[in-house]
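One letter stands for each residue in the lines below.
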Amino acid sequence: MTDIGKPLAIALQGCAKTFADGTRALEPLDLAIHAGETIVFLGPSGCGKTTTLRIIAGLEEPDAGGKVLFDGVDVTHLPIEQRNVGMVFQSYALFPNMTVAGNIGYGLKIRKTPDGQIRARVAEMLAMMQITKLADRRIDQLSGGQRQRVALARAIAVRPRALLLDEPLTALDAKLRDTLRLEIDSLLRSLGITAIYVTHDQAEAMALGDRIVVMEHGRVAQIGKPREIYQRPATRFVAEFIGTMNRLTGTTQNGVFSCRAGDLAWNEAPGHATEILFRPEDIRIAESDEASGLHGKVAAAFFLGDRTRLFVEVGEARPLVVESTARREFNHGDAVRLSIDPRGLLVL
């Protein structure tokens, strides 16, 4: 495996960004990224995640007073070529007039690395990415997945101390994204490199991140490990942006939550709770001999092979989403009773 530089600890201190036209892309941000950590910036378009990545890379400078520190050293005003970071862009940014090998070795050539070392490093990168047979091909002869591997190889070839990835899988089809997501995860773990990954894809964030930074309108909505972000969202935005969230409105009294669908025993509910949230995996269709105070009607059922996704009308503005593994067929209008795991209930 290639010799990557010592993993980098990165700190952002009061980093905000206002563009020349007055657009405020990023509110003041303080963040510590640990050496060797994979951190994922997640959020919808325009939330500030790519702006943050570009500030870390040196492609943008923060507003006055903001600082970027690499291992405690202020690099705020250093350009990208002096920061020793590797960058993988959404568009790949490969040179069409060069071969695969030429693209991979480009950064080394710019650094005036001896030719023999360039050839050895390029061969190593080709082998690592399993594209040795493509070394002499032009970029326009490659598939999307192959181009992505070339872009990764080029970024890693210079032995960066941090790898920055800006939505690198967006342009690929779903099956290829799954394959490359696994490869990227394996690569990052084996290299032990500090990695910063930007995406709007929740599955990518959950799969790759040691921690996830969820962003909303230029601000950090929540920072945490994937399981924490999913199971204990800090805000309504995080709860509804990450995965699917069901909602019931009603009243709580004497340990019972009452809503249009019926009554739900929940001793931990605050007395003022008027709305509860829960994930599809925390609700199921109750068996015929099982006590259940909630009921509804099937509005739609989609058989997905390993499960059936049900949309159940319960008198709310939106139907509840239920993922059922029961070996039975559901039809529109079927009356069903529902059971909710109290451990999955949230109040925000």
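Structural data are supplied above this passage.
This text gives an overview of the structure that appears in the document. (Residues numbered from 1 in each chain as written. Predicted model: local features only at pLDDT ≥ 70, side-chain atom pairs only at ≥ 80, totals over all residues. Heavy atoms only, no water.)

## Structural notes on the environment of asparagine 331
Note that asparagine 331 resides in the loop between strand E18 (320–324) and strand E19 (335–340). Each C-alpha atom, one on asparagine 331 and one on leucine 310, is 9.5 Å from the other, the two residues being 21 residues apart in sequence. (Helix = DSSP H or I, 4+ residues; strand = E, 2+ residues; numbered from the N terminus.)

## Some remarks on the layout of surface pockets
Here the largest pocket is characterised by a volume of approximately 490 Å³. Lining the largest pocket are 16 residues, with Ile80, Val85, Tyr106, Gly107 and Arg111 positioned closest to its centre. Of all elements in the fold, only strand E6 (85–88), helix H2 (100–110) and helix H4 (144–157) reach the threshold of two or more residues within the lining of the largest pocket. Along the lines of polarity and charge, the residues of the lining of the largest pocket split into 11 nonpolar, 2 polar and 3 charged. (1 Å grid on protein atoms, 1.4 Å probe; cavity = no way out; pocket = protein on both sides within 12 Å on 5 of 7 lines; lining within 4 Å. Points joined across faces, edges and corners; volume = space filled by probe spheres on them. Nonpolar A, V, L, I, M, F, W, Y, C, P; charged D, E, K, R; others polar.)

## Brief notes about the sheet that holds E6
The strand order E6-E7-E8-E3-E9-E10 describes an open sheet built from 6 strands, whose pairing is mixed. The sheet is open, and its two edges are formed by E6 and strand E10 (219–224), each paired on a single side. Put simply, the sheet's adjacent strands are angled 15° from each other on average, direction ignored. Sitting on the sheet, H4 is in contact with E6 and strand E7 (162–166), with an inclination near 170° to E6. (Pairing = 2+ DSSP bridges. Axes fitted to C-alpha atoms, helices over the stretch in contact; angles between N-to-C directions. Contact = heavy atoms within 4.5 Å.)

## Let's talk about H2
For an α-helix the count is 3.6 residues per turn, leaving residues at separations of three or four pointing the same way. Buried within H2 are the following residues: Val100, Asn103, Ile104, Gly105, Gly107 and Leu108. Buried-residue contacts for H2 involve helix H3 (115–128) and H4. Where H2 terminates, the next one or two residues include lysine 112, which has phi positive at roughly 60°. (Buried < 20%, exposed > 50% of the residue type's maximum accessible area, 1.4 Å probe, protein only.)

## Observations concerning the sheet that holds strand E2 (residues 24–33)
Spatially, E2-E1-E4-E5 is the arrangement adopted by the 4 strands of the open sheet, whose pairing is antiparallel. Looking along the sheet, the strands with just one partner apiece sit at the ends: E2 and strand E5 (73–74). Taken strand by strand, helix H1 (residues 49–57) contacts strand E1 (10–18), E2 and strand E4 (67–70), and its axis lies near 120° from that of E1.

## Structural notes on the nonpolar core
In terms of nonpolar packing, the biggest core is built from 48 residues, with Val100, Ile104, Met129, Ile131, Val150 and Leu163 touching the most fellow members. Sequence-distant contacts of isoleucine 131, defined by excluding residues within four places in its chain, comprise Val100, Ile104, Leu126, Arg149 and Val150. Counting 26 residues, the second-largest nonpolar core is a separate cluster that includes Cys15, Cys47, Leu164 and Val213. (Core = buried A, V, L, I, M, F, W, Y, C linked by side-chain atoms within 4.5 Å.)

## Remarks on the state of the cysteines
Scanning all chains against the criterion turns up 0 disulfides. With no disulfide of its own, cysteine 47 lies 16 Å from the sulfur of cysteine 15, the closest cysteine sulfur. Residue cysteine 47 is classed as buried on the basis of its relative accessible area of 2%. (Disulfide = S-S within 2.5 Å.)

## Describing the pattern of salt bridges
Taken as a whole and assessed by the stated rule, the structure comprises 21 salt bridges. We note a salt bridge from glutamate 183 to arginine 149, for which the minimum N-O separation is 2.8 Å. Here glutamate 183, found in helix H5 (residues 174–191), pairs with arginine 149, found in helix H4; they are 34 residues apart in sequence, far enough to count as distant. Across the pair arginine 247 and glutamate 240 runs a salt bridge whose closest N-O atoms are separated by 2.0 Å. Using a relative accessible area of 33% as the deciding quantity, one classes glutamate 240 as partly exposed. Connected through shared salt-bridge partners, Arg236, Glu240, Arg247, Glu275 and Arg318 make up one network. (Salt bridge = Lys/Arg side-chain N within 4 Å of Asp/Glu carboxyl O.)

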